[in-house]
Amino acid sequence: MPNAYSRAAKAHTHDNEGIRLQKLLAQAGFGSRRKCEEIITEGRVEIDGELVTELGTRVDPKHQEVRVDGSRVRVNPNHVTLALNKPKRVLSAMEDPKGRYTLSDIVGDKYDRIFHMGRLDYDSEADSHDERWRAQPARHAPQYEVEKTYIATLEGRISGQVCRRLVTTGVKLDDGWIKLDRCAILDSSRESTLVKVVLHSGKNRIVRRIFGSIGFPVRRLVRTQIGPIKLGDLKSGTYRVLSQAEVRSLSKAVGL
């Protein structure tokens, strides 16, 4: 017996309400109309949690949730997602009463209502923010703590054993125990060590606090990746618009 949504979907199949599902998917970057029709008939699309395989089904993207392979589909020409390589001494905010440089000084007034994502401190580098994510992925609930990758220059020479201990045991900070997901030494000298670290925590100054607590202050910190989004060759102080595929992968990473 068909459920309420199935009957509703069929009722809208041939009327003029909403947008055809395959057109919506094409606009969201899933490929040509033909490719999107295949995605539908293969049983990979859900509307409001219900599987839809009928071509011609219409949907209202403003009021209905569409997912492909479990990842939410978002289409809004007024929404863009930016990846921005934040230089040092730029505040991770859109304005500052103290008059310091902020993200808005880099992006300018091209976009309205920009909300930054992530909270790199004043002396750290690399960031990402956009016009529609608001603070959602910055929440500290586990499902929103996406994996973040950093390159850190430490004072002193750290050993592989210390790196392994930070992954297996972790360290105790003022607000509790914390462990790294991964830690690798990239280069070292008597005076400094270059390490690559990966962790999920979004706590304030967490990388600096971890290494500072064991006697290796961080001289320089660069976040090179957040979730599936990489800065790549993006120059410091510049930004780019993420592709639809990148936005979908980021949405999936934070459970949206």
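Everything below is about the structure shown above.
### Some points on the overall build of the protein chain
In step 1: Assigned secondary structure in the protein chain consists of seven helices and 17 strands.
In step 2: Scored against the burial criterion, the 256 residues of the protein chain give a buried share of 42%.
In step 3: Sequence separation of 24 or more characterises 63% of the internal contacts of the protein chain that already satisfy a separation of 6 or more.
In step 4: Carbon and sulfur atoms provide 47% of the accessible area of the protein chain, an area that totals close to 14,000 Å².

### Overview of the sheet that holds strand E16 (residues 229–230)
In step 1: Reading across from one edge, E13-E14-E10-E15-E16 is the order of the five strands in this open sheet, with antiparallel pairing throughout. A strand with exactly one partner marks an edge of an open sheet, and here the two such strands are strand E13 (182–188) and E16.
In step 2: Sheet strands touched by helix H6 (residues 206–213): strand E10 (148–155), strand E14 (192–199) and strand E15 (218–226). Its angle to E14, the strand with the most contacts, is close to 130°.

### Some remarks on H6
In step 1: Those residues of H6 not exposed but buried are Ile206, Val207, Arg208, Ile210 and Phe211.
In step 2: Tucked into the core, H6 has its buried residues touching E10, helix H5 (160–168), strand E11 (171–173), strand E12 (176–178), E14 and E15.

### Observations regarding the side chain of Asn85
In step 1: Residue position: Asn85 is located in the loop between strand E7 (81–84) and helix H4 (103–107).
In step 2: Reaching out from Asn85, the side chain makes a polar contact with the backbone oxygen of Leu234 at a distance of 2.8 Å.

### Observations concerning the pattern of salt bridges
In step 1: Applying the stated criterion to the full structure yields eight salt bridges.
In step 2: The partner of Lys203 in a salt bridge is Asp175, and the shortest N-O contact between them spans 3.7 Å. Within this pair, whereas Lys203 is found in the loop between E14 and H6, its partner Asp175 is found in the loop between E11 and E12, the two being separated by 28 residues in sequence.
In step 3: Notably, a salt bridge pairs Asp175 with Arg209, separated by 2.6 Å at the nearest N-O pair. Taken together, the residues span a long stretch of sequence, with Asp175 in the loop between E11 and E12 and Arg209 in helix H6 at a distance of 34 residues.
In step 4: Overall, the relative accessible area of 40% leaves Asp175 in the partly exposed class.
In step 5: Through salt bridges with shared partners, a single ionic network connects Glu42, Arg44 and Asp69.

What counts, and where the lines are drawn
- Residues numbered from 1 in each chain as written.
- Predicted model: local features only at pLDDT ≥ 70, side-chain atom pairs only at ≥ 80, totals over all residues.
- Heavy atoms only, no water.
- Helix = DSSP H or I, 4+ residues; strand = E, 2+ residues; numbered from the N terminus.
- Buried < 20%, exposed > 50% of the residue type's maximum accessible area, 1.4 Å probe, protein only.
- Contact = heavy atoms within 4.5 Å.
- Areas by Shrake-Rupley, 256 points an atom, 1.4 Å probe, with all protein chains shown as cover.
- Pairing = 2+ DSSP bridges.
- Axes fitted to C-alpha atoms, helices over the stretch in contact; angles between N-to-C directions.
- Polar contact = N/O pair within 3.5 Å; in protein donor to acceptor, adjacent residues only side chain to side chain.
- Salt bridge = Lys/Arg side-chain N within 4 Å of Asp/Glu carboxyl O.

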